[in-house]
Every structure is written in C-alpha cells, then in structure tokens.
Amino acid sequence: MHCPFCNTDDTKVIDSRLIRESNQTRRRRECSSCSERFTTYETVELSLPRVVKRDGRRDMFNENKLRAGMLRALEKRPVSASQIDSAVSRIIHKALGSGERETQSAQIGEWVMEELHQLDPVAYVRFASVYRSFQDIHEFHKEISRLRKTTKREKPHARTQPD
C-alpha cells in the first residue's frame, strides 16, 4: 500500500476491523518511512452474473434496481429497512451461489417473489401483479387464493384455549 503522504511502498497494518453492515475491512496503517498513519477500507469485489432479459438483452446485475423494485412493492407496508436489506442480500447470495455467468431475469423475479412472500403478502401480490402482468381481477383472485393456500400450509393456525 502506498503512503498517501510520502508515496513510499512500505507501510504496515496496525489494526484491522471488520465493518459488518458494509462487508468491508477497515485497516489502520502506518508508513515505515514518514511514520504518518492513515486508514484504508477494503471491499471484496464479487462478480455478479449478467442478467438476461426476456427480449434477449443482457445487462449488468443492478442491486439498486433490485432494491427499487422491492421498495415499490413494499411501499407503506410494515417492513423494516433491515428486513429489506437482508432479503436483497439473500437474493444476491443466490445469484452468486448459482455459479453462472448469466442469470435469467425471470429467475431473479422468482427469487424476489419468494422473499416478498415471506416478508409481506400484500407486497407479494403487488409485485406478482406487475411481474406476471395480471390483466384482470380474476388473475388477482387466483394469486390471492394460491397465497392463502401456501400460507395455511406454512403457518398452521394456533388453537386458542377457551377461558
């Protein structure tokens, strides 16, 4: 690492700390030549797959676009920013874990629907209506019915005890 004060190549790391929320490493360094101290931040550069759109175009994976789509569906819903961040991180992890150089946009859409299904049923239906291009009220009804069935299977209703 070059010293920003004297441009010498010989610096040593005094302290390293992981910054959890941004997946960065903060390093406190000292120059062996001029004894000045400075801080550097390291971030792992991950290669996300390219996204293949329905029309065949290929774009870079865009986390901001992913987050914006989810935020639009979650607008005015009781879901915290940390829950959204975690969902976005899980989707990115799935994209990285696929090991593929390209991922179909349809696959990313399905991952988003899975996450929204877990976070908020209203946001799930909102996203599904756009993603699946609902044309009429019957398509909304079918999706809500499907949501009800899967929710009942996943979360059995607790029995209440009589007083």
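Remember, it's a predicted structure, so these values are computed and weren't measured experimentally.

Cut-off values and rules
- Residues numbered from 1 in each chain as written.
- Predicted model: local features only at pLDDT ≥ 70, side-chain atom pairs only at ≥ 80, totals over all residues.
- Heavy atoms only, no water.
- Salt bridge = Lys/Arg side-chain N within 4 Å of Asp/Glu carboxyl O.
- Buried < 20%, exposed > 50% of the residue type's maximum accessible area, 1.4 Å probe, protein only.
- Helix = DSSP H or I, 4+ residues; strand = E, 2+ residues; numbered from the N terminus.
- Axes fitted to C-alpha atoms, helices over the stretch in contact; angles between N-to-C directions.
- Parallel < 35°, antiparallel > 145°, perpendicular 65-115°, else oblique.
- Left-handed = near helix turned anticlockwise from the far one by under 90°.
- Contact = heavy atoms within 4.5 Å.
- Nonpolar A, V, L, I, M, F, W, Y, C, P; charged D, E, K, R; others polar.
- Polar contact = N/O pair within 3.5 Å; in protein donor to acceptor, adjacent residues only side chain to side chain.
- Pairing = 2+ DSSP bridges.
- 1 Å grid on protein atoms, 1.4 Å probe; cavity = no way out; pocket = protein on both sides within 12 Å on 5 of 7 lines; lining within 4 Å.
- Points joined across faces, edges and corners; volume = space filled by probe spheres on them.

Asks: Help me understand the pattern of salt bridges in this model?
Replies: When the charged atoms of two side chains lie near each other, side chains of opposite charge can form a pair. Scanning all chains against the criterion turns up 13 salt bridges. Note that Asp-15 is salt-bridged to Arg-17, the shortest N-O span being 2.9 Å. Its relative accessible area of 52% is what places Arg-17 among the exposed residues. The closest approach of N and O atoms between Lys-94 and Glu-114, which form a salt bridge, is 3.0 Å. Here the residue Lys-94 occupies a position in helix α2 (residues 81-97), and Glu-114 occupies one in helix α3 (residues 105-119), the gap between them amounting to 20 residues. Overall, the relative accessible area of 41% leaves Glu-114 in the partly exposed class. Within this structure, Lys-53, Asp-55, Arg-57 and Asp-59 form a network of salt bridges that share partners.

Asks: Could you clarify how one ought to interpret the packing of α2 against α3 in this entry?
Replies: To characterise two packed helices, one gives the angle between the axes of the helices and the distance between these axes. For the pair α2 and α3, interaxial distance at closest approach is 10 Å and the crossing angle is 150°. One way to sum up the angle between α2 and α3 is to call them roughly antiparallel. Crossing handedness for the pair α2 and α3: right-handed. Across from Gln-83, Ala-87, Arg-90, Ile-91, Lys-94 and Ala-95 in α2, the residues of α3 making contact are Trp-111, Val-112, Glu-114, Glu-115 and Leu-119. Grouping the amino acids of the contact of α2 with α3 by side-chain chemistry returns 6 nonpolar, 1 polar and 4 charged.

Asks: Where do I start with helix α4 (residues 121-131) in this structure?
Replies: Each α-helix winds once per 3.6 residues, and so residues spaced three or four apart point in a common direction. Looking only at α4, the buried set comprises Ala-123, Tyr-124, Val-125, Phe-127, Ala-128, Ser-129 and Tyr-131. Regarding α4, its N-cap is Asp-120, as a side-chain oxygen of that residue lies 3.2 Å from the backbone nitrogen of Val-122 further along.

Asks: Just to check I follow, could you spell out the environment of Arg-37 for this structure?
Replies: Inspection of the secondary structure assignment puts Arg-37 in strand β3 (residues 37-43). In this structure the C-alpha to C-alpha distance between Arg-37 and Arg-26, which are 11 residues apart in sequence, comes to 13 Å.

Asks: Hey, could you run me through the sheet that holds strand β2 (residues 24-31) in this one?
Replies: In a beta sheet, neighbouring strands pair by backbone hydrogen bonds and run either parallel or antiparallel. Spatial ordering of the open sheet is given by β1-β2-β3, a layout of 3 strands whose pairing is antiparallel. Here the strands that pair on one side only, and so sit at the sheet edges, are β1 (11-19) and β3. Averaged over all pairs of adjacent strands, the angle between their axes in this sheet comes to 25°, without regard to strand direction. Across 7 bridges, β2 lies against β3 in antiparallel orientation. Of the residues in β3, the one forming a bridge with Arg-27 is Thr-40.

Asks: It is not clear to me how the pairing of β2 should be interpreted in this structure. Could you clarify?
Replies: Side chains on a regular strand alternate between the two faces of the sheet. Sheet topology places β1 next to β2; 8 bridges connect them, and they run antiparallel. Each bridged residue has a counterpart across the sheet, and for Ile-19 the counterpart in β2 is Gln-24. Counted between consecutive antiparallel strands, the loop separating β2 from β3 contains 5 residues, among which Ser-35 sits at a positive phi close to 65°.

Asks: What is the right way to look at the packing of α3 against α4 in this model?
Replies: Interaxial distance between α3 and α4 falls to 8 Å at its minimum, and their mutual angle equals 160°. Put simply, α3 runs roughly antiparallel to α4. Note on packing geometry: the crossing formed by α3 with α4 is left-handed. Taking contact as the criterion, the partners of Ser-105, Ala-106, Gly-109, Glu-110, Val-112, Met-113, Leu-116 and His-117 in α3 are, on α4, Pro-121, Ala-123, Tyr-124, Phe-127, Ala-128 and Tyr-131. Here the residues of the contact of α3 with α4 are counted per class, giving 10 nonpolar, 3 polar and 1 charged.

Asks: What is the right way to look at the layout of surface pockets in this model?
Replies: Empty pockets left among the atoms are what a rolling probe the size of a water molecule brings to light. There is about 690 Å³ of room inside the largest pocket. Along the wall of the largest pocket there are 21 residues; nearest its centre are Lys-53, Lys-65, Gly-69, Phe-127 and Tyr-131. Sorting the residues of the lining of the largest pocket by element identifies α1 (63-73), α3 and α4 as the ones contributing at least two each. Partitioning the lining of the largest pocket into residue classes produces 11 nonpolar, 4 polar and 6 charged.

The quantities given are spatial measurements derived from coordinates; they are silent on function.
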